[in-house]
Amino acid sequence: QAKACGRNTYRFHDPAVQAAWSARAELESGLRRALRDNEFVLHYQPQLDRSSRVIGAEALLRWRLPSGKLLYPSEFIQATEESGLIIDIGRWVLQTACAELARWQRWPDTAGLTLSVNVSASQFTEPDFVPMLQQIFEETGVQPSGLKLELTESLVVSDFTHTAHTMSTLKQRGISFSLDDFGTGYSSLAYLRKLPLDQLKIDHSFMRDVLTDQNDASIVRSIIALGDSLGLQVIAEGVETPGQRQFLSDAGCFIYQGFLYQHALSAEHFTQYARMVH
Ligand code: C2E
Ligand code: MG
Ligand code: MG
Ligand code: MG
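Reading guide: rules and limits
- Residues numbered from 1 in each chain as written.
- Chains lettered and ligands numbered in written order.
- Predicted model: local features only at pLDDT ≥ 70, side-chain atom pairs only at ≥ 80, totals over all residues.
- Heavy atoms only, no water.
- Donors = N, O, S within 2.8 Å, 3.2 Å for Na, K, Ca; no water.
- Buried < 20%, exposed > 50% of the residue type's maximum accessible area, 1.4 Å probe, protein only.
- Helix = DSSP H or I, 4+ residues; strand = E, 2+ residues; numbered from the N terminus.
- Expected span 1.5 Å × (residues − 1).
- Contact = heavy atoms within 4.5 Å.
- Polar contact = N/O pair within 3.5 Å; in protein donor to acceptor, adjacent residues only side chain to side chain.
- Near = heavy atom within 4 Å.
- Areas by Shrake-Rupley, 256 points an atom, 1.4 Å probe, with all protein chains shown as cover.
- Axes fitted to C-alpha atoms, helices over the stretch in contact; angles between N-to-C directions.
- Parallel < 35°, antiparallel > 145°, perpendicular 65-115°, else oblique.
- Left-handed = near helix turned anticlockwise from the far one by under 90°.
- Nonpolar A, V, L, I, M, F, W, Y, C, P; charged D, E, K, R; others polar.
- Phe/Tyr/Trp six-rings, centres within 6.5 Å; stacked < 30°, edge-to-face > 60°.
- Pairing = 2+ DSSP bridges.
- Salt bridge = Lys/Arg side-chain N within 4 Å of Asp/Glu carboxyl O.

If you check an unreviewed UniProt entry, the protein appears there as EAL domain-containing protein from Massilia phyllostachyos.

See below:
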């Protein structure tokens, strides 16, 4: 527990707790600086169809430290959620993604691509979320029909009525929705049927051993069958080998994202890649 040592100063008796506490405080002030000094970047991981044509990308957040080191979401995204900074960072992500998508939409080779953006639960349930997006659409001139929001099962389950309502409002503006990390959460089939979803995204944890683990193989086949019967597109993430890709197409999944094709690329490299293989 903390003990007051004069004004605004606290010391922890346990050095490990003290260390963890100051590491977190440092991370949070780093995240504030990152927002202010523009240290965040979006990278774009291609999504391909069965003919290996690029049909879109997922925007993935990275943090470029002043030292040049690149940090991945696993190193900081939880801290952004817990500190509430995810609201401002998430707005930056949407602004940047929509500005990039608007650029794609101005060129024939990239005009039809879809850009998927991860949205965290606290962001999506903010009362301001819809007007904020609307403002971004106006500022960037983007066609919202190219934008896909990736939501997680926990969001859907935690506040079904509000989530469903916000989703249908945005759906009327032309946005589409993907359920990310599908199969790892607790969403029931009743929920799925009632939401205006467009896509299920098979979590990469099922892909890893899909060729050797019968359970994973069954789960992946079931997700694909479920998507088909609900009229939803199914995409697999974490596709790393030709064998996994073969498994997926045999099972009826024809949209892929993973290291087999490309890692997430800078905006510039993604556009070059998309022009090459469109
Ligand atoms: P996610 O949305 O499930 O994104 C997919 C993750 O899988 C990405 O990790 C991607 O780089 C990684 N991946 C792609 N292909 C492969 C593959 O073939 N094999 C394997 N093993 N992994 C692959 P990343 O970029 O580190 O992002 C991790 C998570 O952080 C994302 O998971 C997402 O939940 C979150 N995230 C990323 N960007 C944002 C953002 O802008 N906002 C929010 N709220 N969350 C974000
Ligand atoms: Mg995602
Ligand atoms: Mg995912
Ligand atoms: Mg994931």
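Enquirer: Can you help me understand the coordination of the magnesium ion (ligand 3) in this one?
Expert: Metal coordination angles in their ideal form are 109.5 degrees for the four-donor tetrahedron and 90 or 180 degrees for the six-donor octahedron. Distances from the magnesium ion (ligand 3) to its protein donors, Asp180 (OD), Asp181 (OD), Glu237 (OE) and Glu237 (OE), fall within 2.2 to 2.5 Å. Ordering the donors of the magnesium ion (ligand 3) by residue number gives the pattern D-D-x55-E. A gap of 4.0 Å separates the magnesium ion (ligand 3) and the magnesium ion (ligand 2), which aspartate 180 links by coordinating each metal. When its relative accessible area of 25% is taken as the criterion, aspartate 181 is described as partly exposed.

Enquirer: Would you take a moment to explain helix 10 (residues 214-230) for this structure?
Expert: For helix 10, spanning 17 residues, the distance from its first C-alpha to its last is 24 Å, which sits close to the expected 24 Å at 1.5 Å a residue. Looking at helix 10, one finds that the buried residues are Asp216, Ala217, Val220, Ile223, Ile224, Leu226 and Gly227. Looking at the packing, one finds that the buried side of helix 10 touches strand 8 (176-182), helix 8 (189-194), strand 9 (199-202), helix 9 (204-207), strand 10 (233-237) and helix 11 (242-251). For helix 10, the capping residue at the N-terminal end is aspartate 213, with a side-chain oxygen 2.7 Å from the backbone nitrogen of asparagine 215.

Enquirer: When you look at the site of ligand 1 in this model, what are you seeing that I'm missing?
Expert: Taken together, 21 residues lie near ligand 1, and Gln45, Arg62, Asp180, Glu240 and Phe259 sit nearest. In the model, an oxygen atom of ligand 1 is placed 3.3 Å from a nitrogen or oxygen of the glutamate 237 side chain. Contact distances for ligand 1 include 2.8 Å between an oxygen atom and a backbone N or O atom of phenylalanine 259. Starting from 810 Å² of accessible surface for ligand 1 in isolation, the protein chains cover 81%. Looking at the shell around ligand 1, the elements with two or more residues in it are strand 4 (54-64), helix 3 (86-105) and strand 8. With four residues, strand 4 is the largest single contributor of residues to the shell around ligand 1.

Enquirer: What exactly am I supposed to notice about unusual backbone geometry here?
Expert: What you tend to see is this: most non-glycine residues have negative phi, and most peptide bonds are trans. For serine 52, which is not glycine, the phi dihedral falls at a positive 60 degrees. Along the chain, the position of serine 52 falls in the loop between strand 3 (40-48) and strand 4.

Enquirer: What am I meant to see in the packing of helix 5 (residues 129-140) against helix 7 (residues 160-172) here?
Expert: Close contact between helix 5 and helix 7 brings their axes to 11 Å; oriented N to C, the two are set at 20 degrees. Taken as axis vectors, helix 5 and helix 7 run roughly parallel relative to one another. The interaxial crossing formed by helix 5 with helix 7 has right-handed handedness. Contacts between helix 5 and helix 7 involve Phe129, Val130 and Leu133 from the first element and Thr166, Thr169 and Leu170 from the second. Of the residues contributing to the contact of helix 5 with helix 7, the split by class is four nonpolar, two polar and no charged.

Enquirer: Quick question: what am I supposed to make of the packing of aromatic side chains here?
Expert: Remark: the centre distance and the inter-plane angle together describe each pair of aromatic rings, the angle taken between the planes. Tallying each qualifying case throughout the model produces eleven aromatic pairs. Considering the side-chain rings of phenylalanine 124 and phenylalanine 177, the 6.3 Å spacing of their centres and the 90 degrees angle between planes classify their relative orientation as edge-to-face. Here the residue phenylalanine 124 occupies a position in helix 4 (residues 121-124), and phenylalanine 177 occupies one in strand 8, the gap between them amounting to 53 residues. Judged by its relative accessible area of 1%, phenylalanine 124 is buried.

Enquirer: Even after reading the chapter, I still don't get the pairing of strand 6 (residues 114-118), so can you show me in this structure?
Expert: The side chains of a regular strand alternate between both faces of the sheet. Counting buried positions along strand 6 yields four of five residues, so the element is predominantly enclosed. Pairing of strand 4 with strand 6, which is carried by four bridges, proceeds in the parallel orientation. Looking at strand 6, one finds that glutamate 58 is bridged to serine 116.

Enquirer: Whenever I open this one, the pattern of salt bridges confuses me. Can you help?
Expert: Pairing of side chains with opposite charge becomes possible as their charged atoms draw close. For the coordinates displayed, the defined rule picks out eleven salt bridges. Between arginine 103 and glutamate 100 there is a salt bridge, with its nearest N and O atoms 2.8 Å apart. Of this pair, arginine 103 and glutamate 100 both sit in helix 3, three residues apart, which is roughly one turn of that helix. According to the relative accessible area criterion, glutamate 100 is buried, its value standing at 7%. A cluster of three or more residues bridged by salt bridges with shared partners is formed by Glu58, Glu150, Lys201 and Glu237.

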